[in-house]
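What the coordinates show
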Amino acid sequence: MKNLILPFVVVALFAIGSCGDEGNPVTNIEQNAVKILSFTPDTTFLGTIYEAKQVIITGQNFSLDKDSNKVWFSPFDQAIIDSCTSTELFVRVPASALTGPIIVSNGRTVDTSEKIFKIVDIYDRKILDFYPKSGEAGTRVKIIGQNLTYGHSKDYMFVCGVKPVRASETEIEFDVTDEMKTGRLWIHFQAAPSLYSKDSFIVIERPKVLLDMALRINLSGYHKDVYNKITPINDSLTCNFSGISLKRYGDSLVYQSRGTPAGGIYDGSNVTIQLNPALGLITQLDFGKSYDDPGISPGSPKSGYSSSFTLKNIPFTWQDSSIVVSLDSSQTRSLITNARIYGYNQGIGGAYKTETTADTVKSCSGLNLKIKY
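A brief structural summary. Values in this document were obtained by computation on a predicted structure and should not be read as measured data.

Topic: the overall build of the protein
- Looking only at helices and strands, one finds 3 helices and 27 strands in the protein.
- The burial tally for the protein puts 39% of its 373 residues in the buried class.
- Excluding contacts between residues fewer than 6 apart, the proportion of contacts in the protein whose partners are at least 24 apart in sequence is 58%.
- Accessible surface, the protein: about 20,500 Å² in total, of which carbon and sulfur atoms supply 52%.

See below:
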């Protein structure tokens, strides 16, 4: 686009050439000539949301008198200058702005930016392509397009329901999640229309890994009542799973459930299994289950319960594409590195608190476990 030539430029140059100080007026003018060095940002968008967006112009010999400086983004309206120094102008883009150079006057001289300030229509945005065209959870996908970010940072957009890893006007990258389904890719922005790809991304579902597991660990410990009286107790930690689905992360298998009923109650369990197929070992199996009721308000009654155990170096065999573990009680007992049950009840304001702790293993059942691929 050709530089905009405004009528005032001719008038200013005429005035400068007609008068001056004694000596060499041209030299004086050159020494005080306004100069645009850069500006940021270099793009804005049409639409009322983005009108009056501030642009910082960096340069030389701006007037310290704000009213003496003039800035144009088009031949129609002057930009409003919020503040200025001799090297910076803080201006607001007018609604009449057009794509083209920025013109600045300091009241004596005029300069036109070499760089173009770009105005983008909010509807001139599109997804052109993406690759790869398919993948499983964890696959990184790159979207190619134009004006993709709509002036947003990656923290203010979602791609198929997740925050992108990287985002620019022409490329956006994100990682496929377990929850993502086959379909068109979409980008959602705050206060802007969403974008959709023409073609669908095909989610390759990982084969399901199912877990059956049964184990009971008998523990001894103590109960402390509201008067801090200690009473020995026996309790059992039971783990029974049948056909639960595990997620694969390399050689790790993970199950996690969480239910959050009204009132912020936490009720969930988790299993993490670390495998070493070359050695035929489950190097570590961690189980945890917890329940926590924080009460409806500060100072109200609370209660909680948790149980956990860890087993290490569990030998397994392969049977029909399944990992199988079948150990008797003594074999299982030797693999338990820790086991614990803890529970509490607390009255109003923290009063009348009771606690139960059991972390000494007395005995256990045999471990029966099957991981089916």
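Now, onward.
Some words on the pairing of strand 17 (residues 209-224)
- Across 16 bridges, strand 17 lies against strand 18 (residues 230-249) in antiparallel orientation. Paired with Gly 221 across the two strands is Ile 233, which belongs to strand 18.
- If you look at the hairpin formed by strand 17 and strand 18, you'll find 5 residues sitting between the two strands, and Asn 228 has a positive phi there, around 65°.
- In this structure, strand 17 lies alongside strand 27 (residues 368-372), joined through 5 bridges in antiparallel fashion. Its bridge partner lying in strand 27, Leu 211 is registered against Ile 371.
- Pairing analysis gives 8 bridges linking strand 17 to strand 26 (residues 354-364), with the strands arranged antiparallel. Looking at strand 26, one finds that Lys 224 is bridged to Glu 355.

Some details on a nonpolar patch on the surface
- A surface patch of nonpolar side chains, about 420 Å² in accessible area, is lined by Val 226, Tyr 227 and Tyr 352.
- Relative to the helices and strands, Val 226 is located in the loop between strand 17 and strand 18.

Quick word on the pairing of strand 22 (residues 302-315)
- Bridge count between strand 21 (residues 281-293) and strand 22: 12 bridges; the pairing is antiparallel. Counterpart to Asp 293 in the pairing with strand 22 is Ser 303.
- Summarising the sheet, strand 22 and strand 25 (residues 336-346) pair through 10 bridges and their orientation is antiparallel. Within strand 25, the residue paired with Ser 307 across the bridge is Ile 341.

Thoughts on the sheet that holds strand 13 (residues 166-167)
- Pairing is antiparallel across the open sheet formed by 4 strands, whose spatial order is 9-11-14-13. Either end of the sheet is taken by a strand with one partner, and the two such strands are strand 9 (126-131) and strand 13.
- Pairing of strand 13 with strand 14 (residues 171-175) involves 2 bridges; the strand directions are antiparallel. Bridging from a neighbouring strand, Arg 166 pairs with Glu 173 of strand 14.

Focus on the packing of aromatic side chains
- According to the stated counting rule, one finds 9 aromatic pairs in the structure shown.
- Centroid distance Phe 241 to Tyr 255: 5.5 Å. Interplanar angle 65°. Geometry classified as edge-to-face. Residue Phe 241 is located in strand 18, and its partner Tyr 255 is located in strand 19 (residues 252-259); the two are separated by 14 residues in the primary sequence.
- Exposure remark for Tyr 255: the relative accessible area of 17% places this residue in the buried category.

A look at unusual backbone geometry
- Look at the link from Thr 40 to Pro 41: it is a cis peptide, with omega at -5°.
- With respect to the helices and strands, Pro 41 occurs in the loop between strand 1 (35-40) and strand 2 (43-45).
- Here the amide bond leading from Tyr 131 into Pro 132 is cis, since omega sits at -5°, within 30 degrees of zero.
- The backbone of Asn 61 shows a phi angle near 60°, a positive value even though the residue is not glycine.
- Tracing the chain through its elements places Asn 61 in the loop between strand 3 (54-60) and strand 4 (70-72).
- Note on Asn 61: relative accessible area 29%, which makes it partly exposed.
- In the Ramachandran plot, Asn 228 falls in the positive-phi region, its phi being about 65° despite a non-glycine side chain.

Parameters at a glance
Residues numbered from 1 in each chain as written. Predicted model: local features only at pLDDT ≥ 70, side-chain atom pairs only at ≥ 80, totals over all residues. Heavy atoms only, no water. Helix = DSSP H or I, 4+ residues; strand = E, 2+ residues; numbered from the N terminus. Buried < 20%, exposed > 50% of the residue type's maximum accessible area, 1.4 Å probe, protein only. Contact = heavy atoms within 4.5 Å. Areas by Shrake-Rupley, 256 points an atom, 1.4 Å probe, with all protein chains shown as cover. Pairing = 2+ DSSP bridges. Patch = residues over 30% accessible without salt bridge, like charges linked within 9 Å, V, L, I, M, F, W, Y side chains within 5 Å. Salt bridge = Lys/Arg side-chain N within 4 Å of Asp/Glu carboxyl O. Phe/Tyr/Trp six-rings, centres within 6.5 Å; stacked < 30°, edge-to-face > 60°.

Geometry only, nothing functional implied.
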